[in-house]
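Coordinate analysis (summary)
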Amino acid sequence: MNTQNDQFRVENLYLSFSTRRGTVQAVEDVTFTMNRGQTMVLVGESGCGKTSLGRAILRLLPRNVQDYRGKVFLNSQDIMKLSREKFRREIRWKKIAMVPQAAMNSLNPVIKVSEQVIEPLIKRGTGRERRKAMEKAREVFQLVGVPQDFLERYPFELSGGMRQRVILAMALITNPDLVILDEPTSALDLLTQANIMNVLKRIKQERGFTFILITHDIATSSELADLAGIMYAGQLVEFSRAYNLFREPFHPYSRKLMASVPSLQEKKELEYLPGQPPSLLEPPQTCRFLDRCPDSFERCEQEPPVIEVKEGHQVKCWLYK
Amino acid sequence: MPQEYPPQEELQEEATEERTPKGESDLWRLLRYSLLRLGALFIAVVVGVYLMILIANMGGYVDEIRRAEIAFNVAQQVRGSPEFAELPEERRREIMDSMVETEEKRLGLHEPFYLRSIYYLRDALTLDLGRSENLTSDAGSRQVRHIILERLPPTLFLFLTAQIITFFAGLFIALALSRQYGSKLDKFMVALAPTSAAPSWFYGIFLILIFAALLGWLPFGRMVAAPPPDDTLMYAMSVIRHLILPVTAIVLGALFLTIYQWRTYFLIYSSEDYVEMARAKGLSGRQIERRYILRPTLPPIITSFLLGIITVWMGQIVLETVFTWPGLGRLLFQAIGLYDTPVIIGVIVIFAFLLAITVFLLDFIYAIVDPRVKVGGEGGQAA
């Protein structure tokens, strides 16, 4: 499959872990494409493999990985083919950066913020290279709204929201082609969440960064999204333009999910979804959503294919065959 | 669906939270911390030494014993001496009383115990340790201070050599093991951890048996061959040869438990989020290990090292005796054998000081490696 230069494309990505109780299929056959400057929102319940997908892209894997395959194209280069060392040197943070879930603890407590922020830019920490890196650090701090004198502080001297911004600044400092934001606001209070989201929105508009935003907060992320993906039990069950997906979801799970989101514009009865997702431990070979699906029929006993219902709108459901 | 947020997110809402003024530099923080620690340790030493004085004097009861002793001696003297034999009973009593009084005054026993305990404390803290009863220094002095000062360098030499080796060997082996957690070597080292239950002198006896008695490779004990070589280089070589066994004994006695403990710290700290983050940042393995695992783990490691050192100081008393090492421990052992109280007390006071100095030094290092250490509890939160 050929991809254009400005694209980020994930193709048939699998990731599974071996545990004492069996194989955990965290990411299964995920495929999507996005263009530079777009933001994709990845939504789903806890434990549905969102984070694993994000980490799989950056090859941040635990020791018990069993199966890890697929293709990840960045600017028409399959980065899955790179050697470990090459991937570390060329891709990590240079091309793909990440803001992890636990941003509060993602800063080394005994090293000054500035050191940690400029680290990806410098090989040896002296001289001109360092001064240039500091200059850049000041610039990104400005961009994410952190006072510049915070550079000389230690992480414990920063509040949670500030730490989150510092990490964001750290992710932006190398001007990466893609930034994966893994629930960047989940540990923060509502106001700070709103602040961070606004910062993201502004950065996206001003600088045209490409984001993958992993979240379960559909309402907040909808403003930022160009593309949206819904994950369920390790699979990407629906993927399309965000506007379409939020307005008119196809997959029964997506429909239920959207119906459960409160909205300011209209009065509506909130719905909820009974039951819980299947265990990712040795998942069934049926449609994963079978047990909870209101529209299930016989064919759902088989694994559904990915169906393109509209231009660029994929759904993994038998209903649309 | 889109929600409206308050406009202008750049209100710097968090900026006010930070109360620590940035004007406080690291150096100043360190200095203030050190001074306060020094003060606290000094108080601890004073309390410790004073407690020792109280205990050694049995809370003043020793004075009673000494008084009785004086009275008894005087009575013996007067009764046994023919020059008092002619005197009437009353006159003799008077003479005895005045003699007792003079003797008590000479020894300072006429003053109440609490006052004298303060004098003792003052003398101890100013290292005015008095004269020994039996022991002399090699130079022939009977000043306890001279005796102790003569024995201090060998003790420090042995102790520091062994501790430095333990610290760095422990650190690197533990780090290497944490890297290959679960491997055969790792399991083997963990299984060895209980060997540290035996004190260092226990290993010392075995080392002497094997390497001195059986194989004859290394000397049995002492710090230098007798007679000591004249040549400086030969002298140093001789000291090193004599150093090997006691240092090995100390290291053996502490190393495996240390490794086990620190390996666990490394494992805990290498699963921290910031280590994962460093990995995501594409830093090299060495960089991650040095800055993101070793650095943050140093504070707890220093604490555990500190706690271990206290035991090592204790063990050294017996170890020096086993190896006839001419240090403080051996001196204490000799002094106890000879009931030389001033020397015993002097050595204990010196040990209190040594312990305090060790604690202070490690506290100081702790403050350097961990910026969160602050005095007064302002700003910093224990993370």
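Residues numbered from 1 in each chain as written. Chains lettered and ligands numbered in written order. Predicted model: local features only at pLDDT ≥ 70, side-chain atom pairs only at ≥ 80, totals over all residues.

So, the overall build of chain A
The test is simple: Helix numbering and strand numbering both begin at the N terminus, where a helix is a DSSP run of H or I of at least 4 residues and a strand a DSSP run of E of at least 2. Two things to know: the radius of gyration comes from C-alpha atoms, and the globule rule equals 2.2 Å times the number of residues to the power 0.38. With C-beta atoms placed from the backbone, the exposure class of a residue follows from how many other C-beta atoms lie within 10 Å of its own: 20 or more, buried; 12 or fewer, exposed; in between, partly exposed. Here, residues touch in the contact sense if the C-beta positions derived from the backbone fall within 7 Å of one another.
Each helix and strand in chain A was counted, giving nine helices and twelve strands. Relative to the globule expectation of 20 Å for 321 residues, the C-alpha radius of gyration of chain A, 20 Å, shows essentially globular dimensions. Burial statistics for chain A: of 321 residues in total, 47% are counted as buried. Excluding contacts between residues fewer than 6 apart, the proportion of contacts in chain A whose partners are at least 24 apart in sequence is 64%.

Description of the overall build of chain B
Helices and strands together make up the secondary structure of chain B, namely twelve helices and zero strands. N-terminal to C-terminal, the α/β element order of chain B is α-α-α-α-α-α-α-α-α-α-α-α. Here the C-alpha atoms of chain B give a radius of gyration of 30 Å, more than 25% beyond the 21 Å that 2.2 N^0.38 yields for 383 residues. Reported as C-alpha extents along the three principal axes, the dimensions of chain B are approximately 120 × 65 × 40 Å. A total of 383 residues make up chain B; the buried ones form 27% of that total. For chain B, the share of sequence-separated contacts (at least 6 apart) that also reach a separation of at least 24 residues comes to 71%.

Thoughts on the domain arrangement of chain B
Residue and element names in this part refer to chain B. Quick note on the threshold: Per the annotation, domain bounds derive from an automatic or database assignment of domains. Only Asp, Glu, Lys and Arg are considered charged in this grouping, and only Ala, Val, Leu, Ile, Met, Phe, Trp, Tyr, Cys and Pro are considered nonpolar; every other residue, Gly among them, is considered polar.
In terms of domain boundaries, chain B breaks down into domain 1 (27-125) and domain 2 (144-369). At the interface, 13 residues of domain 1 touch twelve residues of domain 2. The leading source of residues in the side of domain 1 that touches domain 2 is helix α1 (residues 26-56), at twelve residues. Residue classes in the side of domain 1 that touches domain 2 are distributed as ten nonpolar, two polar and one charged.

Quick look at unusual backbone geometry
Residue and element names in this part refer to chain A. Of note, the phi angle at S76 is positive, near 60°, even though the residue is not glycine. Taking the number of C-beta atoms within 10 Å as the measure of exposure, S76 has 12 and is therefore exposed. Although it is not a glycine, E183 adopts a positive phi angle of roughly 40°.

What about the sheet that holds strand β1 (residues 7-19) of chain A?
Residues and elements named next belong to chain A. Applicable threshold: By definition, two strands form a pair when at least two bridges between them are found by DSSP. Working convention: axes come from line fits to C-alpha atoms, limited for helices to the stretch in contact. Angles between N-to-C directions cover 0 to 180 degrees.
Spatial ordering of the open sheet is given by β2-β1-β4-β5, a layout of four strands whose pairing is antiparallel. The open sheet has two free edges, formed respectively by β2 (22-35) and β5 (77-78), since each of these has just one partner strand. Sheet topology places strand β4 (residues 65-74) next to β5; two bridges connect them, and they run antiparallel. Paired with L74 across the strands is Q77, a residue of β5. Contacts between helix α1 (residues 50-57) and the sheet are confined to β1, β2 and β4, with β2 contributing the most and set at about 70° to the helix.

Structural notes on the environment of F168(B)
Residues and elements named next belong to chain B. If you trace the backbone, F168 turns up in helix α5 (residues 144-179). We classify F168 as exposed; it has 10 C-beta atoms within 10 Å. Put simply, F168 and F42 are 126 residues apart on the chain and 29 Å apart in space, counted from C-alpha to C-alpha.

Notes on the confidence of the model for chain B
Residue and element names in this part refer to chain B. Stated formally: Values of pLDDT, which run from 0 to 100, indicate the predictor's confidence residue by residue.
Averaged over every residue, the pLDDT of chain B is 83; the share at 70 or more is 91%. Ignoring residues within four places in sequence, the model shows residues 1-23, a span with pLDDT below 50, making 32 contacts including any to other chains. Low pLDDT, under 50, characterises residues 376-383; the predicted model gives this stretch 14 contacts beyond four residues in sequence or across chains. Scored by ipTM, the complex comes to 0.83, with pTM at 0.76.

With respect to the sheet that holds strand β12 (residues 313-315) of chain A
Residues and elements named next belong to chain A. Taken in spatial order, the eight strands line up as β6-β7-β8-β3-β9-β10-β12-β11 in an open sheet, and their pairing is mixed. The open sheet has two free edges, formed respectively by β6 (96-99) and β11 (307-310), since each of these has just one partner strand. Shown here is a sheet whose adjacent strand axes are inclined to one another by a mean of 20°, direction ignored. Pairing of strand β3 (residues 39-43) with strand β8 (residues 211-215) involves five bridges; the strand directions are parallel. Following the sheet pairing, V41 is matched in β8 by L213.

With respect to the environment of V315(A)
Residue and element names in this part refer to chain A. Within the secondary structure, V315 is located in strand β12. Residue classification places V315 among the buried residues on the basis of 26 C-beta atoms within 10 Å. Along the backbone, V315 and E238 are 77 residues apart, and their C-alpha atoms lie at a distance of 4.4 Å. Contact partners of V315, with chain neighbours within four places excluded, come to E238, F250, H251, I307, V309 and Y320.

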